[in-house]
Amino acid sequence: MNVIIEKGPSVIKVFITALIVVGLAAGIRVWFLQALESELIWLTFYPAVIAAALYAGVYAGVLATALACLMVAGWWPQFADVPALETNVETQFDLLEMALFVILGGVLSYVIGALRSTRETLKQVQLDAASSVEREQFVRSIIDASPSMIGYWGKDLRCLYANPAYQEWFDKEPNDIVGIAFQDLVDEELFSMNEPYIRQVLSGEPQRFERTLSKIDGSEGHIIGHYIPDFDSDGSVKGFSILASEVTVLKETEERLKLAACVFENTLDGVLITDTDGIILSVNPAFTEITGYSAEDAVGQTPRILQSNRHDQDFYVAMWDEITTNNRWSGEIWNRRKDGDLYLERMTISMVRDLEGEPVRYVSVFNDITALRRKDEHLKHLAFHDALTDLPNRTLLMDRVNQKLIDSDRKPCNLALMFLDLDGFKAVNDRFGHNVGDELLKEVAKRLLVLVRESDTVARVGGDEFMFILNNPQGKAEIEYVANRIINSINEPIDVYGESLHIGASIGIAMFPTDGDNAVDLINNADIAMYGAKHLGKNNINFFTPSYGVIKTPGKN
């Protein structure tokens, strides 16, 4: 169907061309050349045949010849004052004239058609040649502009082509390289390194290798070389092409990436990388060690698998606001391991943007500081607690007293400080040793903790000295009740390492605000009251009175 459609216009052109030129020839003969001899009829149609063949080709010329014969034989007598062909061709001469016209018309059509076809062929050849030259120039311009060294070497190892890139490496113009032997272009060491690859490519095997070469400016460059064999029609290798691409920047980038990968794999900090949708793309081994999630577990998930639910929504909103504003967030966050354990981590989340400034990645770097936090808390605990009994020490006691005094400015309250000194402890220590004495103090601390309320505080402030803070007591009666309970509890026998020990206690009491308006005064006055109780004998309770300010006991005021 396509062939018929394509040939249709050509057939119509041939027919119309033949019909028009023959019609014109007949018209000229009828209306302008009637006076000429009838023997010249055929001469009228030769130009028509030639014109048809020139314009539309061989078939148009042949068709014009046939139409001319039909015109003369059948249609001519109707338009011209001449006898019909039947009367004119009665003789053999007339038939020979027609036959001669047919033969000459066919020959002319064939010759003109052949000349026309030859002209078109020559024109196409010229167009193809021009296109080939243009393509060659285009390819040559690409090769000449290429930063890679591109050359061609014959089987005899002489250069047949070299692009301008060779000049950067060998300080020679391409025209000076063409014709030079390979071993004359490079030094002996480089030729010996390349010789095995040359032998292989001349045997028909493509080669690929890497080299470090020195440029003419003294710098070193890394190249990737390719030797590509060129086969002759008989299958033999007649030469080979060289493509040497400089990859110095890529090599340096590769080294940096290797270093980054080494750091990524070996750093003790966990690293997590996500896309802009929060999908985890990569994690390092430290991530697995800290969280318990392997790379297979984590990749494709979101960081929500680590969520501890210990932070509210406002925490995360503030985090992402800072990331969006400053491209980074740093802080401490609680997360959950795969086994369910909570852990505290110090984390930095960084936003990575592309060249257009759009976010493309989020990188989270974190380390587990749970143990460090516990250590800090332990150190802080040691700083404010007695190492032997784990009770608050004098520092923490002072801080709590001061805090309660500050709170009393907003909400008035009463406080009672009881200073307790063990009776008979020194005798136990001297007789049984410090180990027994230490265990005795621990047991005393346990008994005292049982007696305090949640709002009260008991502290060890010296060797065998303890202090109580009674919060908002309801008068002296309650204070005396608590003090008596303390003495009664301590008077109970205490078993230490199989020994039943008996000790007592003396208690001095100072009250806020009557006996002092600051922690130092209250503690000093409670201490003074305690020594007053000592003067009264063992297991006594004594409230501070201003008169104690002038009482002096050995070693104490």
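Parameters and conventions
Residues numbered from 1 in each chain as written. Predicted model: local features only at pLDDT ≥ 70, side-chain atom pairs only at ≥ 80, totals over all residues. Heavy atoms only, no water. Salt bridge = Lys/Arg side-chain N within 4 Å of Asp/Glu carboxyl O. Pairing = 2+ DSSP bridges. Helix = DSSP H or I, 4+ residues; strand = E, 2+ residues; numbered from the N terminus. Axes fitted to C-alpha atoms, helices over the stretch in contact; angles between N-to-C directions. Contact = heavy atoms within 4.5 Å. Buried < 20%, exposed > 50% of the residue type's maximum accessible area, 1.4 Å probe, protein only. Core = buried A, V, L, I, M, F, W, Y, C linked by side-chain atoms within 4.5 Å. Parallel < 35°, antiparallel > 145°, perpendicular 65-115°, else oblique. Nonpolar A, V, L, I, M, F, W, Y, C, P; charged D, E, K, R; others polar. Expected span 1.5 Å × (residues − 1). Phe/Tyr/Trp six-rings, centres within 6.5 Å; stacked < 30°, edge-to-face > 60°. Lys NZ or Arg CZ within 6 Å of the ring centre and 35° of its normal. Left-handed = near helix turned anticlockwise from the far one by under 90°. Arc of directions from axis to C-beta. Patch = residues over 30% accessible without salt bridge, like charges linked within 9 Å, V, L, I, M, F, W, Y side chains within 5 Å. Areas by Shrake-Rupley, 256 points an atom, 1.4 Å probe, with all protein chains shown as cover. Polar contact = N/O pair within 3.5 Å; in protein donor to acceptor, adjacent residues only side chain to side chain.

### Details of the pattern of salt bridges
Phase 1: As enumerated under the stated definition, the model contains 17 salt bridges in all.
Phase 2: Members of the salt-bridge network, linked through shared partners, are E210, K251, E254 and K258.

### A few points about the sheet that holds strand 13 (residues 465–471)
Phase 1: Spatially, the 5 strands line up as an open sheet ordered 12-13-11-16-17, and their pairing is mixed. Edge positions in the sheet fall to strand 12 (457–460) and strand 17 (541–543), since each has one partner strand and no second. Taking each pair of neighbouring strands and ignoring which way they run, the sheet shows an average axis angle of 20°.
Phase 2: The sheet strands contacting helix 17 (residues 434–451) are strand 11 (415–423), strand 12 and strand 13, and the helix crosses strand 13 at an angle near 10°.

### Comments concerning the side chain of N284
Phase 1: When you line up the elements, N284 lands in the loop between strand 7 (280–283) and helix 11 (285–291).
Phase 2: Residue classification places N284 among the buried residues on the basis of a relative accessible area of 0%.

### Here's the deal with the sheet that holds strand 5 (residues 237–246)
Phase 1: With antiparallel pairing, 5 strands are arranged side by side in an open sheet as 2-1-5-4-3. Looking at strand neighbours, the two that pair on one side only are strand 2 (159–162) and strand 3 (207–214), the edges of this open sheet. Sheet twist, expressed as the average angle between the axes of neighbouring strands with direction ignored, equals 25°.
Phase 2: When strand 4 (residues 220–231) meets strand 5, the two strands line up antiparallel, connected through 9 bridges. When the sheet's bridge partners are listed, G225 is paired in strand 5 with A244.
Phase 3: The strands touched by helix 9 (residues 188–202) are strand 3, strand 4 and strand 5; relative to strand 3, the strand with the most contacts, the crossing angle is about 160°.

### Regarding the nonpolar core
Phase 1: Core analysis: the largest hydrophobic core is formed by 34 residues, its most contacted members being M418 and I486.
Phase 2: Secondary structure elements with two or more residues in this core: strand 11, helix 16 (425–432), helix 17, strand 13, helix 18 (476–491), strand 14 (494–496) and strand 16 (504–512).
Phase 3: The element contributing the most residues to this core is helix 17, with 7 residues.
Phase 4: Ignoring any residue separated from it by four or fewer positions in sequence, one finds M418 in contact with F466, M467, F468, L470, I479, V482, A483, I486, I507, G508 and I509.
Phase 5: Counting residues in hydrophobic clusters, the runner-up holds 25 residues, among them F170, I177, I180 and F182.

### Some words on the packing of helix 16 against helix 17
For any two helices packed against each other, one specifies the inter-axial angle together with the distance between the axes.
Phase 1: Look at helix 16 against helix 17: their axes get within 6 Å of each other, and the N-to-C directions meet at 140°. Between helix 16 and helix 17, the angle is such that the two are oblique. Contacts between helix 16 and helix 17 involve F425, V428, N429 and F432 from the former and H434, V436, G437, L440 and L441 from the latter.
Phase 2: In the contact of helix 16 with helix 17, the residues fall into 6 nonpolar, 3 polar and no charged.

### Description of helix 13 (residues 313–326)
Given 3.6 residues per turn, any residue in an α-helix points the same way as the ones three and four places further on.
Phase 1: Between its first and last C-alpha atoms helix 13 spans 20 Å; for 14 residues at 1.5 Å apiece the expected length is 20 Å, and the two agree.
Phase 2: Elements in contact with the buried residues of helix 13: strand 8 (328–336), strand 9 (342–353) and strand 10 (359–368).

### Structural notes on the packing of aromatic side chains
Phase 1: On inspection of all chains with the given rule, the structure shows 10 aromatic pairs.
Phase 2: Each residue in the set Y197, F209, Y227 and F240 is aromatic and connected to the rest through ring pairs, giving one cluster.
Phase 3: The cationic tip of R310 hangs over the ring face of W334; the distance from NZ or CZ to the ring centre is 4.3 Å.
Phase 4: Between K476 and the ring centre of F543, over which it is positioned, the NZ or CZ distance is 4.9 Å.

### Regarding the packing of helix 15 (residues 394–410) against helix 19 (residues 519–536)
Phase 1: Contact geometry for helix 15 and helix 19: axes closest at 9 Å, N-to-C directions at 120°. The angle between helix 15 and helix 19 places the two elements in the oblique class. For the pair helix 15 and helix 19, the crossing hand works out as right-handed. Facing R394, L397, M398, V401, N402 and L405 of helix 15, the residues of helix 19 in contact are A519, V520, L522 and I523.

### Details of the environment of M467
Phase 1: Checked against the element boundaries, M467 lands in strand 13.
Phase 2: Every residue in contact with M467, bar those within four places of it in the chain, is listed here: L397, L417, M418, F419, T457, V458, A459, V461, I523 and A526.

### Focus on the pairing of strand 2
Phase 1: Sheet analysis places strand 1 (residues 149–154) next to strand 2, joined by 3 bridges and oriented antiparallel. In the strand pairing of strand 2, W153 is matched with C159.
Phase 2: The loop that links strand 1 with its antiparallel partner strand 2 comprises 4 residues; one of these, L157, has a positive phi angle of about 65°.

### Concerning helix 18
Phase 1: Taking 1.5 Å per residue as the helical rise, helix 18 with its 16 residues ought to reach 22 Å, and the 22 Å between its terminal C-alpha atoms agrees with that figure.
Phase 2: What helix 18 keeps buried is the set I479, V482, A483, I486, I487, S489 and I490. For helix 18, the buried positions fall inside an angular range of 165° around the axis, keeping them on one side. Turned more than 90 degrees away from the buried face of helix 18 sit A477 and Y481, all of them exposed.
Phase 3: Buried positions along helix 18 lie against strand 11, helix 17, strand 13, strand 14, strand 16 and strand 17.

### Details of a nonpolar patch on the surface
Phase 1: Where nonpolar side chains cluster on the molecular surface, the patch consists of I12, F15, I16, L19, I20 and L24 and spans about 570 Å² of accessible area.
Phase 2: Examined against the element boundaries, L24 turns out to sit in helix 1 (residues 2–31).
Phase 3: We classify L24 as exposed; its relative accessible area is 53%.

### Regarding the pairing of strand 1
Phase 1: The element strand 1 is largely enclosed, with a buried count of 5 among its 6 residues.
Phase 2: Judged from the 6 bridges that link them, strand 1 and strand 5 form a sheet pairing that is antiparallel. Residue Y152 lies in a different strand from strand 5, and its bridge partner there is S241.

### Section: the environment of N163
Phase 1: With respect to the helices and strands, N163 occurs in the loop between strand 2 and helix 6 (166–170).
Phase 2: Judged by its relative accessible area of 0%, N163 falls in the buried class.
Phase 3: A distance of 3.0 Å separates a polar side-chain atom of N163 from the backbone nitrogen of I150.

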